[in-house]
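Architecture and fold: a report
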Amino acid sequence: MGINPTSSADETADPASSAVTPHSLGKTLFLHLVPGVANIVATVVGLAVLWNPSLPPELVYGVFTNVFVLIPIQFGYLYYLAKKNNNPGWSLKGIVVYTRPLSWIRYLIWIPAILIPTAFIFIVLESLTQWLETLSIGINIFSKYQMTATSDVAFIVVIAHISLSGILVPKSEELYFRGFLLPRMPKEFGRFKPVAHSFLFAVYHFDTPWMIPVRTIGILPLIFTTIHTRSVRPAIFAHCSVNLANFLDAASKRIGTP
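Below you will find a few notes about this structure. (Residues numbered from 1 in each chain as written. Predicted model: local features only at pLDDT ≥ 70, side-chain atom pairs only at ≥ 80, totals over all residues. Heavy atoms only, no water.)

The next subject is the overall build of the protein chain. Each helix and strand counted, the protein chain has ten helices and zero strands in total. Element order for the protein chain, N to C, with α for helix and β for strand: α-α-α-α-α-α-α-α-α-α. When burial is assessed residue by residue, the protein chain has 48% of its 258 residues classed as buried. Partitioning the intrachain contacts of the protein chain with sequence separation of at least 6 by distance along the chain shows that 82% fall at a separation of at least 24. Surface accessibility of the protein chain: about 13000 Å² in total, with carbon and sulfur atoms responsible for 69%. (Helix = DSSP H or I, 4+ residues; strand = E, 2+ residues; numbered from the N terminus. Buried < 20%, exposed > 50% of the residue type's maximum accessible area, 1.4 Å probe, protein only. Contact = heavy atoms within 4.5 Å. Areas by Shrake-Rupley, 256 points an atom, 1.4 Å probe, with all protein chains shown as cover.)

Rendered as structure tokens:
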């Protein structure tokens, strides 16, 4: 995607983040949360205007908002900064910081190092997440949007949803959040920068507020791996794997629906 490597002999330090100017607290909050605000507003408006009972709601929140809101905002801002930096072509050098290339053997180490503890955290906190979701039923914007009739386009919509939310969105989120925002976290957070970043990323998912605790904790293995390896690549593969597993399960249920 035009990202360029950084190199250093010491993997335990983080010279990459020290080579960029930290954002202010206000700018950090703005850049973390505005994509989520825009996405939830577009979702609410889209469902209110475009949805009908013969179409799957994923057409709006899984396809429409991803194509026209979330992905363009995240990639658009990165490439806007790249052009201001006079980067050639599609290069994100100096914008996306954690871009160190890794050998395939390290992928075999670091991707499981993300997925295994993340899965454990989500399983352990599942009951808490379910309890918080029951408290949030009144604010669940998707609960009243359900298909009431068979649709010939349902399968196509779910496949598009999987392609976008399972592949393109994780890539844009990892480049934007872990590659761009994480190394620029304000100095005021000190050693709690990873936790603050994780919390803001969890809040950014305004459509599922009941998952803030589990996301805040569950995303930490991905964040620490990114900092340690100074590469967003394992995080991209792990993020895609998690999303694809969830969406493939949803697709199998949709396909089996008469």
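Attention shifts here to the pattern of salt bridges. Scanning all chains against the criterion turns up one salt bridge. Between Arg178 and Glu174 there is a salt bridge, with its nearest N and O atoms 2.8 Å apart. Separated by four residues within a single helix, Arg178 and Glu174 lie in helix H6 (residues 154-181), roughly one turn from each other. For the pair Arg178 and Glu174, one class covers both residues: buried. (Salt bridge = Lys/Arg side-chain N within 4 Å of Asp/Glu carboxyl O.)

Two numbers describe how helix H7 (residues 193-204) lies on helix H9 (residues 220-229): the axes approach to 10 Å, and their chain directions differ by 130°. Between H7 and H9, the crossing angle belongs to the class labelled oblique. Relative to H9, the crossing made by H7 is right-handed. Contact residues: H7 offers Pro194, Val195, His197 and Ser198, while H9 offers Leu220, Ile223, Phe224 and Ile227. (Axes fitted to C-alpha atoms, helices over the stretch in contact; angles between N-to-C directions. Parallel < 35°, antiparallel > 145°, perpendicular 65-115°, else oblique. Left-handed = near helix turned anticlockwise from the far one by under 90°.)

Attention now goes to the packing of helix H2 (residues 25-50) against H6. In a pair of packed helices, the angle between the axes and the distance between the axes together describe the arrangement. At a closest axis distance of 12 Å, the pairing of H2 and H6 adopts a crossing angle of 175°. Taken together, the axes of H2 and H6 are roughly antiparallel relative to one another. Across the interface between the two elements, Leu31, His32 and Pro35 from H2 touch Tyr176, Phe177, Phe180 and Leu181 from H6. Here the contact of H2 with H6 is composed, by residue class, of six nonpolar, one polar and no charged. (Nonpolar A, V, L, I, M, F, W, Y, C, P; charged D, E, K, R; others polar.)

Among the nonpolar cores identified, the biggest contains 41 residues, and Leu78, Leu175, Tyr176 and Phe180 are the most heavily contacted of them. Sorting the residues of this core by element identifies helix H3 (58-84), helix H4 (104-124), H6, H7, H9 and helix H10 (233-255) as the ones contributing at least two each. Among residues more than four places away in sequence, those in contact with Tyr176 are Leu31, Pro35, Gln74, Tyr77, Leu78 and Leu181. In terms of nonpolar packing, the next biggest core, distinct from the first, is built from six residues, Ile121, Leu125, Met211 and Val214 among them. (Core = buried A, V, L, I, M, F, W, Y, C linked by side-chain atoms within 4.5 Å.)

On to the environment of Pro56. Looking at the secondary structure, you find Pro56 in the loop between H2 and H3. Its relative accessible area of 1% is what places Pro56 among the buried residues. With 101 residues separating them along the chain, Pro56 and Val157 place their C-alpha atoms 7.4 Å apart.

Here H2 is 26 residues long and its end C-alpha atoms lie 37 Å apart, about the 38 Å a rise of 1.5 Å per residue gives. Every buried residue of H2 is listed here: Thr28, Leu31, His32, Pro35, Gly36, Asn39, Ile40, Ala42, Thr43, Gly46 and Leu47. Against H3, H6 and H7 lie the buried residues of H2. (Expected span 1.5 Å × (residues − 1).)

All right, on to a nonpolar patch on the surface then. A cluster of nonpolar side chains, Val37, Val41, Val45, Val49, Leu50 and Phe206, forms an exposed patch at the surface whose accessible area comes to about 500 Å². Structurally, Val41 is set in helix H2. Accessibility expressed as a relative area gives 47% for Val41, which makes it partly exposed. (Patch = residues over 30% accessible without salt bridge, like charges linked within 9 Å, V, L, I, M, F, W, Y side chains within 5 Å.)

A word on the packing of aromatic side chains. Within the structure shown, the criterion is met by eleven aromatic pairs. With centroids separated by 5.5 Å and ring planes inclined at 80°, the aromatic side chains of Tyr107 and Phe237 adopt a geometry described as edge-to-face. Of this pair, Tyr107 sits in helix H4 while Phe237 sits in helix H10, placing them 130 residues apart in sequence. With relative accessibility at 16%, the residue Tyr107 sits in the buried group. Taking the centre distance of 4.9 Å and the plane angle of 75° together, the rings of Phe177 and Phe201 count as edge-to-face. Placement of the pair is Phe177 in helix H6 and Phe201 in helix H7, with a sequence separation of 24 residues. One aromatic cluster is present, formed by Tyr77, Tyr80, Tyr176, Phe177, Phe180, Phe201 and Tyr204 through successive ring pairs. (Phe/Tyr/Trp six-rings, centres within 6.5 Å; stacked < 30°, edge-to-face > 60°.)

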